[in-house]
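# Structure at a glance
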Amino acid sequence: MPPTPPSYLIGLIGSGIGPSLSPALHEQEADQHGLRLLYRILDLDHLDLGADDVGHLVHTARRLGYDGLNITHPGKQTVIPHLDDLSEDASLLGAVNTVVFGPDGRARGHNTDWSGFATSFAHGLNNAPTRQVVQLGAGGAGTAVAHAMLTLGAGQLTVVDTEAGRASSLAADLVTRFGPGRAAAASPEELADLLATADGLVHATPMGMAHHPGLPLPAELLHPRLWVADVVYRPLDTELLRQARALGCRTLDGGGMAVHQAAQAFRLFTGCEADADRMLAHMATLVAA
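Now for a look at the structure at hand. The model shown is predicted, which means the values in this text are computed figures rather than measured ones.

### Looking at the side chain of Ser20
Looking at the secondary structure, you find Ser20 in the loop between strand S1 (7-14) and helix H1 (22-32). Given a relative accessible area of 15%, Ser20 falls into the buried group. In contact with Ser20, not counting residues within four places along its chain, are Leu12, Ile41 and Tyr233.

### Concerning the environment of Leu286
Note that Leu286 resides in helix H10 (residues 276-288). Separated by 265 residues in the primary sequence, Leu286 and Leu21 place their C-alpha atoms 7.5 Å from one another. Once residues within four sequence positions are removed from consideration, Leu286 is found in contact with Leu21, Ala24, Leu25 and Gln28.

### Some thoughts on unusual backbone geometry
In this model, His73 is joined to Pro74 through a cis peptide bond whose omega is 10°. If you check the backbone angles, Asn127 has positive phi at about 70° while not being a glycine. Mapped onto the secondary structure, Asn127 falls in the loop between helix H4 (113-124) and strand S7 (132-136).

### Things to note about the packing of aromatic side chains
Scanning the model with the defined rule gives 2 aromatic pairs in all. Ring geometry for Phe117 against Phe121: centres 6.0 Å apart, planes inclined by 35°, an arrangement best described as tilted. Placement of both Phe117 and Phe121 in helix H4 is noted, with a separation of 4 residues, approximately one turn of the helix. Their ring planes at 70° and their centres at 5.1 Å tell us that Phe121 and Trp227 sit as a pair that is edge-to-face. With Phe121 in helix H4 and Trp227 in strand S11 (residues 227-230), this pair connects stretches of sequence that are 106 residues apart.

### With respect to the sheet that holds strand S8 (residues 156-160)
Within a sheet, neighbouring strands are paired by backbone hydrogen bonds and run either parallel or antiparallel to one another. A sheet is described by the order of its strands in space; here 6 strands give the open sequence S9-S8-S7-S10-S11-S12, paired in parallel fashion. The sheet is open, and its two borders are formed by strand S9 (183-186) and strand S12 (250-252), each paired with just one other strand. The sheet shows a mean angle of 20° between the axes of neighbouring strands, taken without regard to direction. Of the pairings in the sheet, the one linking S8 to S9 comprises 4 bridges and is parallel in character. Of the residues in S9, the one forming a bridge with Leu157 is Ala183. Sheet strands touched by H4: strand S10 (200-203), S11 and S12. Its angle to S12, the strand with the most contacts, is close to 150°. Sheet contacts for helix H8 (residues 239-246): S10, S11 and S12; angle to S11, the most-contacted strand, approximately 165°.

Cut-offs applied
- Residues numbered from 1 in each chain as written.
- Predicted model: local features only at pLDDT ≥ 70, side-chain atom pairs only at ≥ 80, totals over all residues.
- Heavy atoms only, no water.
- Helix = DSSP H or I, 4+ residues; strand = E, 2+ residues; numbered from the N terminus.
- Buried < 20%, exposed > 50% of the residue type's maximum accessible area, 1.4 Å probe, protein only.
- Contact = heavy atoms within 4.5 Å.
- Phe/Tyr/Trp six-rings, centres within 6.5 Å; stacked < 30°, edge-to-face > 60°.
- Pairing = 2+ DSSP bridges.
- Axes fitted to C-alpha atoms, helices over the stretch in contact; angles between N-to-C directions.

What follows is the structure in structure tokens.
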């Protein structure tokens with residue numbers, strides 16, 4: 001009798017995540033490695049829970065024998081006090097998108113978002129100018145994406161968020177890590193002036209997701225000289241990207257970030273190296289379906 005393959009129970013915690021492709025991506029990749037992996041959706045909306053309840057779900061998942069969790073909006077920061085340990089990246093960024101339960105039951109938080117976005121940007125917007133970049137959103141995803149942009153060499157990143165304090169806090173952290181002049185905070189009212197001279201726009205808010213349709217900014221602020229990168233991947237073709245493409249902008253959807261961060265999370269969960277190209281093909285098939 002052949003040996004029973006290793007098995008893993010993984011979950012995704014977030015709001016409005018019913019359409020997520022993460023279960024299929026992880027389960028299909030596990031099949032390729034001869035592993036048994038069950039990936040469950042833990043939707044805060046369906047459970048009538050909020051961001052402050054993420055820690056409770058983490059504790060419950062640990063008791064139920066889960067091997068790991070992915071964390072998405074709105075829990076990437078609120079989950080941190082409920083973890084036993086953080087990786088260097090997660091500690092530096094103050095945001096977690098992957099939790100691994102060790103053999104001793106300890107919960108360790110990781111961040112694969114920033115490197116996932118960096119890899120996707122390098123592939124999808126190769127040689128795009130990054131002298132001046134504007135980013136919408138300073139939450140958990142925004143924190144990771146901002147770190148990625150400056151790591152990739154962006155000259156200055158201006159962070160815009162409806163919560164002024166959150167944008168200012170992120171900009172201050174970025175300056176501490178990357179040096180004076182590399183980051184600044186601004187209000188939504190300043191977007192018109194900022195985008196008029198910017199090279200690119202990074203969108204890192206929930207707007208445009210299946211449960212949050214719409215545009216994160218007035219369409220008339222877009223112009224053909226901008227490249228536009230969106231972290232939303234469900235749907236891949238957001239209203240923001242459609243408007244930008246219609247103007248002739250270079251665009252990057254959130255699919256690449258979703259796949260590359262998932263590939264890294266898969267390795268953390270299972271110890272097996274995921275094939276990112278194969279997962280990108282899986283993503284294309286799932287989206288087409």
